[in-house]
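The chain contents come next:
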Amino acid sequence: MSDERPQKPLPEEQLSRETASPERATSLEKAPSVSGPGASVPPVLPGQPVAAPALRASDADRERVVERLRDAVAEGRLDMEEFQERLEAAYASRTYAELEPLTRDLPAVGGIPAGSAAAVAGPEQEQAAWPERIGGAGTSSTAVAVMSGFQRKGQWTVPARFNAVAFWGGGDLDLREANFSQREVVITCIAVMGGIQITVPPGVEVDVRGIGVMGAFDQRGNPGPLQPGAPRVVVTGFAMWGGVEIRVKPLKSDREKKPRRRKEL
């Protein structure tokens, strides 16, 4: 009978055995790695949505901010030194996140509290898909109503410049489902003893510049926060003994369009 006793494994041998065991190897594979400079920043996968402030700003977006800064100087809200600093920052901005602080402390035109053209839109507004609705040739460039009426609604393309004339008549321009040939369109309205109504969806920037003589250019409704990439509609012209009304109104939902069912007796 031998007196030899099994030797105790050395600490290094024991460690190697534990590491080589299947249970130990599985636990090590599941353990998250915290090393490396980018360990705490998850990668952006292809097709993953990017936050709205990170979107690239266009030349039209920068021009809208610059125009608001010029209005702020005329209103006495900014001095020339502040204006020059923000002007340089606006033209150097590349994203909405860089544009937004430049007008954050300024009220929008007309006293409507808003940030800037870089305001972030909600989920419902993002469904507008504005980049897909901008571009192409205009459907028509003129509408005239003399003791009659005209109407543009549904799927049509608004040209860069559209002229609308109503003399002893009325006209209706509905832009809620329309496409736009350019990011900025100008609608010139002449209303003499007549009226023209323009309907735009929420989130679209509207700039009213018309002149009324015993008439008026009236904007009704709050456009809400501007949607990234939304067009800019400039309404100008002349109204005498007549009026031009700009309304902000969303499209009816599919539920509202469906006819109501009669209650069963």
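Residues numbered from 1 in each chain as written. Predicted model: local features only at pLDDT ≥ 70, side-chain atom pairs only at ≥ 80, totals over all residues. Heavy atoms only, no water.

Draft legend 1. Quick look at the overall build of the protein chain. Scanning the protein chain for helices and strands turns up eight helices and 13 strands. Buried positions account for 32% of the 265 residues belonging to the protein chain. Considering only residue pairs separated by 6 or more positions, the protein chain has 66% of its internal contacts joining residues 24 or more positions apart. Summed over all atoms, the accessible surface of the protein chain reaches about 17,400 Å², with 54% contributed by carbon and sulfur. (Helix = DSSP H or I, 4+ residues; strand = E, 2+ residues; numbered from the N terminus. Buried < 20%, exposed > 50% of the residue type's maximum accessible area, 1.4 Å probe, protein only. Contact = heavy atoms within 4.5 Å. Areas by Shrake-Rupley, 256 points an atom, 1.4 Å probe, with all protein chains shown as cover.)

Draft legend 2. Region of interest: the sheet that holds strand β11 (residues 216–220). Strand order in the open sheet formed by five strands is β2-β5-β8-β13-β11, and the pairing between neighbours is parallel. Either end of the sheet is taken by a strand with one partner, and the two such strands are β2 (149–152) and β11. Between one strand and the next, the sheet's axes are offset by a mean angle of 10°, whatever the strand orientation. Across five bridges, the pairing between β11 and strand β13 (residues 243–248) is parallel. Within β13, the residue paired with Ala216 across the bridge is Gly243. (Pairing = 2+ DSSP bridges. Axes fitted to C-alpha atoms, helices over the stretch in contact; angles between N-to-C directions.)

Draft legend 3. Layout of unusual backbone geometry. Positive phi, normally seen in glycine, also occurs at Met193, with a value near 55°. Here Met193 lies in the loop between β7 (184–192) and β8 (195–200). Phi angles above zero are rare outside glycine, and Met214 is one such case at about 55°. Looking at the element boundaries, Met214 is found in the loop between β10 (211–213) and β11.

Draft legend 4. Highlighting the nonpolar core. Core analysis: the biggest nonpolar cluster contains 30 residues, and Leu175, Cys189, Ile198 and Val244 have the highest contact counts within it. Listing elements by their share of this core, those giving two or more residues are β1 (142–146), β4 (161–167), β7, β8, β12 (232–240) and β13. Tallying contributions element by element places β7 first for this core, with four residues. Setting aside residues no more than four positions away along its own chain, Leu175 makes contact with Arg133, Trp156, Val158, Phe180, Ile187, Ile198, Thr199, Val200, Pro201 and Val233. Within the second largest apolar cluster, 12 residues are counted, among which are Ala57, Ala72, Phe83 and Ala90. (Core = buried A, V, L, I, M, F, W, Y, C linked by side-chain atoms within 4.5 Å.)

Draft legend 5. Just helix α4 (residues 80–92), in detail. Compared with the 18 Å implied by 1.5 Å per residue over 13 residues, the 18 Å span of α4 between its first and last C-alpha is a close match. The set of residues buried in α4 consists of Phe83, Arg86, Leu87 and Ala90. With its buried residues spanning 110° around the axis, α4 presents them on a single face. Away from its buried face, by an angle of more than 90 degrees, α4 presents the exposed residues Glu81, Glu88 and Ala92. Packed against the buried residues of α4 are α3 (59–74) and α5 (96–99). (Expected span 1.5 Å × (residues − 1). Arc of directions from axis to C-beta.)

Draft legend 6. Examining the pattern of salt bridges more closely. Summed over the entire model, instances satisfying the criterion amount to 15 salt bridges. Here Arg232 and Glu184 are joined by a salt bridge, their closest N and O atoms 2.9 Å apart. Placement of the pair is Arg232 in strand β12 and Glu184 in strand β7, with a sequence separation of 48 residues. (Salt bridge = Lys/Arg side-chain N within 4 Å of Asp/Glu carboxyl O.)

Draft legend 7. Focus on the packing of α3 against α4. It is the contact of α3 with α4, at a shortest axis distance of 10 Å, that shows an interaxial angle of 175°. Considering their axes alone, α3 and α4 lie roughly antiparallel with respect to each other. Touching Arg62, Glu63, Val65, Val66, Leu69, Arg70 and Val73 of α3 are Met80, Phe83, Arg86, Leu87, Ala90 and Tyr91, all from α4. Residue composition of the contact of α3 with α4, by class: nine nonpolar, no polar and four charged. (Parallel < 35°, antiparallel > 145°, perpendicular 65-115°, else oblique. Nonpolar A, V, L, I, M, F, W, Y, C, P; charged D, E, K, R; others polar.)

Draft legend 8. Representation of the pairing of β1. Taking every second residue as pointing to the same face, the buried face of β1 carries Ala143 and Ala145, while none of Thr142, Val144 and Val146 on the other face is buried. For β1 and β4, the ladder comprises five bridges, and the chain directions are parallel. Within the sheet, the bridge partner assigned to Val146 lies in β4 and is Phe167.

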